[in-house]
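# Geometric and topological summary
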Amino acid sequence: MTDPDTDTDAGREPGTEPVAEADGGVAEAESDAPEPSDEGADTSDSVSIANPTLSDDAVERVESVLESGMLADGPEVRAFEDEYAAYCGTDRAVATSNGTTALHAALEALGLEEGDAVLTSPFSFVASANAIRLAGGKPVFADIDPETYTLDPDAVERVLEERDDVVGLLPVHLYGLAADMKRLREIADERDLFVLEDACQAHGAEIDRERVGSFGDAACFSFYPTKNMTTGEGGMIATDRDDLADRAASFVNHGRDVGEGGSYEHVDLGHNYRMTSLAAAIGREQLERLPDFNRARRENAAYYDEQLAELPVETPTEPDGYRHVYHQYTIQTDERDELAATLDERGVDTGVYYGTPIHRQPAYETVSTAAASLPEAERAAETVLSLPVHPTLSERDRRTVVEAVTDHFHTQ
């Protein structure tokens with residue numbers, strides 16, 4: 001099994017997709033993604049868990065940047081930031097070198113101070129909690145909703161009733177599904193807490209037709225190769241707050257003054273977390289294709305939903321008003337390890353995301369809530385299994401996956 005998150009980060013009816021227009025606006029356009037087909041498909045027996053794909057246009061854009069000689073941060077990155085902000089429906093976006101640096105920079109820009117507690121999910125890639133610690137804060141964990149795998153607002157409220165040191169919430173939109181941002185935002189507003197969305201797995205996910213990235217004070221995205229869109233490595237902070245965007249832009253560029261003129265005035269400490277123009281060129285092309293990528297993922301998920309409905313597995317949930325973009329198609333079964341072995345024998349790659357909750361990781365043994373009982377996160381860690389759902393799956397691939405899962409349970 002492979003782990004797509006070993007980077008340094010952190011209803012399913014197909015329909016129309018909002019796409020960024022050249023002037024930075026948003027228009028509704030019918031997706032022209034091809035239906036799954038066996039034509040041109042990989043004829044090998046294996047089905048991969050992920051398959052990053054770059055078009056000829058992306059290659060040409062990278063070549064154009066190479067020819068320009070402006071390889072580091074520059075106009076290409078600024079254009080990508082503007083287009084990504086338009087896609088999310090936010091006023092600003094700040095590009096970074098990966099999803100973890102986006103989270104770290106956003107927390108620094110939010111003013112996190114040494115010892116401040118930030119409440120987050122224990123069931124996520126470790127980068128979400130690591131970023132809090134890197135910024136000097138203390139991660140505090142609340143349990144997850146077993147249906148969505150995202151922070152349970154009731155659990156959040158219970159933790160907040162017991163603590164008075166929490167300054168912010170960091171909900172994780174896991175597997176491509178948004179957390180319950182309406183309730184979490186209400187909880188945060190009542191207690192004057194900031195909200196930082198970890199949207200590293202949820203590019204284009206929606207609640208009531210509003211995209212993730214627009215619900216909190218800021219949101220962070222990862223462009224690791226296995227994500228719904230990629231820049232190779234890269235990240236983005238989306239926000240409506242100019243003050244936060246300016247501080248983040250300074251932090252990712254050695255604390256440099258973000259004013260006009262490109263001076264060497266360094267107003268604060270910072271890091272070199274900049275995105276390269278090469279990565280931005282890829283990202284701009286990928287963003288144009290993201291609606292088609294997400295449509296294909298949703299179609300693959302709908303196929304699995306139908307074909308696996310009668311089997312003893314729990315398939316993903318999509319609450320009313322939510323739009324899942326299936327970074328992962330994750331099922332639950334008490335036979336997780338046995339099923340994974342069967343699929344491996346049949347040439348189907350799978351993933352366990354995540355087999356150890358963050359609060360049980362060795363690096364978190366000394367964190368204040370490391371010993372907490374978080375039964376839903378712990379059960380999920382024992383039972384989740386992700387199946388291939390990427391946009392380049394062929395009809396043969398999908399049938400292979402379904403037949404392997406079906407045969408496993410029918411031969412028990």
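Preceding this section is the structure that the text describes.
What this report covers is the structure whose coordinates are included nearby. Here the structure is a predicted model, which is why all the values come from computation and not from measurement.

If you tally the helices and strands in the protein, you get 11 helices and 14 strands. Taken over 412 residues, the protein has a buried fraction of 56%. Of the roughly 17000 Å² of accessible surface on the protein, a fraction of 45% belongs to carbon and sulfur atoms.

On a regular strand, one side chain projects to one face of the sheet and the next to the other, so that they alternate. Counting buried residues along strand 10 (residues 218-222), 5 of its 5 residues qualify, which places the element largely inside the surrounding structure. Here strand 10 shows a buried face lined by Ala 218, Cys 220 and Ser 222 and a second buried face lined by Ala 219 and Phe 221.

Right, let's talk about the sheet that holds strand 8 (residues 206-207) for a bit. If you trace the 3 strands from one edge of the open sheet to the other, you get 9-8-12, paired in antiparallel fashion. Each of the sheet's edge strands pairs with one partner strand only, and the pair in question is strand 9 (210-211) and strand 12 (322-323). Of the pairings in the sheet, the one linking strand 8 to strand 9 comprises 2 bridges and is antiparallel in character. Opposite Glu 206, over in strand 9, you have Arg 211 as the bridge partner.

Okay, unusual backbone geometry next. Here Tyr 353 and Tyr 354 are connected by a cis peptide whose omega angle stands at 20°. Its location among the elements puts Tyr 354 in the loop between helix 9 (336-345) and helix 10 (375-383). Phi at Tyr 149 takes a positive value of approximately 70°, unusual for a residue other than glycine. With respect to the helices and strands, Tyr 149 occurs in the loop between strand 5 (138-141) and helix 5 (153-162). The buried category is assigned to Tyr 149, whose relative accessible area is 7%.

Moving on to helix 3 (residues 99-109). The buried count for helix 3 comes to 10 of 11 residues, which makes it a mostly enclosed element. If you check which residues of helix 3 are buried, you get Gly 99, Thr 100, Thr 101, Ala 102, Leu 103, His 104, Ala 105, Ala 106, Leu 107 and Ala 109. Between a side-chain oxygen at the N-terminus of helix 3 and the backbone nitrogen of Thr 100 the separation is 3.0 Å; the capping residue is Asn 98. Phi for Gly 111, located one or two positions after helix 3, is positive at around 85°.

We now examine the packing of aromatic side chains. Scanning the model with the defined rule gives 16 aromatic pairs in all. Aromatic pair Phe 80 and Tyr 84: ring centres 6.1 Å apart, planes at 75°, arrangement edge-to-face. Of this pair, Phe 80 and Tyr 84 both sit in helix 2 (residues 75-88), 4 residues apart, which is roughly one turn of the helix. According to the relative accessible area criterion, Tyr 84 is buried, its value standing at 0%. When the centroid spacing of 5.3 Å and the interplanar angle of 75° are considered together, the rings of Tyr 149 and Tyr 175 count as edge-to-face. Of the two residues, Tyr 149 sits in the loop between strand 5 and helix 5 while Tyr 175 sits in the loop between strand 6 (166-170) and helix 6 (181-191), which places them 26 residues apart along the sequence. Tyr 175 sits in the buried class, given a relative accessible area of 2%. Three or more aromatic residues joined by ring pairs form one cluster here, namely Phe 123, Phe 125, Tyr 149, Tyr 175, Tyr 353 and Tyr 354. The positively charged end of Arg 256 is found above the aromatic ring belonging to Tyr 264, 4.2 Å away from the centroid.

Looking now at the pattern of salt bridges. Applying the stated rule across the entire model yields 27 salt bridges. One salt bridge connects Arg 211 with Glu 206, and the closest N-O pair in it is separated by 3.9 Å. Judged by its relative accessible area of 7%, Glu 206 is buried. A salt bridge links Glu 318 to Arg 298; its shortest N-O distance comes to 2.8 Å. Of this pair, Glu 318 sits in the loop between helix 8 (277-307) and strand 12 while Arg 298 sits in helix 8, placing them 20 residues apart in sequence. Each of Arg 185, Asp 189, Asp 217, Arg 241, Asp 243 and Arg 247 takes part in a single network of salt bridges with overlapping partners.

A few words now on the side chain of Thr 148. On the secondary structure map, Thr 148 appears in the loop between strand 5 and helix 5. Reaching out from Thr 148, the side chain makes a polar contact with the side chain of Thr 150 at a distance of 2.8 Å.

Among the nonpolar cores identified, the biggest contains 47 residues, and Phe 80, Tyr 84, Leu 119, Val 156 and Phe 221 are the most heavily contacted of them. Sorting elements by how many residues they give to this core places helix 2 first, with 6 residues. In this view, Phe 80 contacts Phe 223, Met 229, Thr 231, Met 236, Met 275, Ala 280, Gly 283, Arg 284 and Leu 287; residues no more than four positions away in its chain are not counted. Counting residues in each nonpolar core, the second largest holds 46 residues, with Ala 127, Val 172, Cys 220 and Ile 237 among its members.

Criteria and thresholds
- Residues numbered from 1 in each chain as written.
- Predicted model: local features only at pLDDT ≥ 70, side-chain atom pairs only at ≥ 80, totals over all residues.
- Heavy atoms only, no water.
- Helix = DSSP H or I, 4+ residues; strand = E, 2+ residues; numbered from the N terminus.
- Buried < 20%, exposed > 50% of the residue type's maximum accessible area, 1.4 Å probe, protein only.
- Areas by Shrake-Rupley, 256 points an atom, 1.4 Å probe, with all protein chains shown as cover.
- Pairing = 2+ DSSP bridges.
- Polar contact = N/O pair within 3.5 Å; in protein donor to acceptor, adjacent residues only side chain to side chain.
- Phe/Tyr/Trp six-rings, centres within 6.5 Å; stacked < 30°, edge-to-face > 60°.
- Lys NZ or Arg CZ within 6 Å of the ring centre and 35° of its normal.
- Salt bridge = Lys/Arg side-chain N within 4 Å of Asp/Glu carboxyl O.
- Core = buried A, V, L, I, M, F, W, Y, C linked by side-chain atoms within 4.5 Å.
- Contact = heavy atoms within 4.5 Å.

Treat this as a map of the structure, not an account of what it does.
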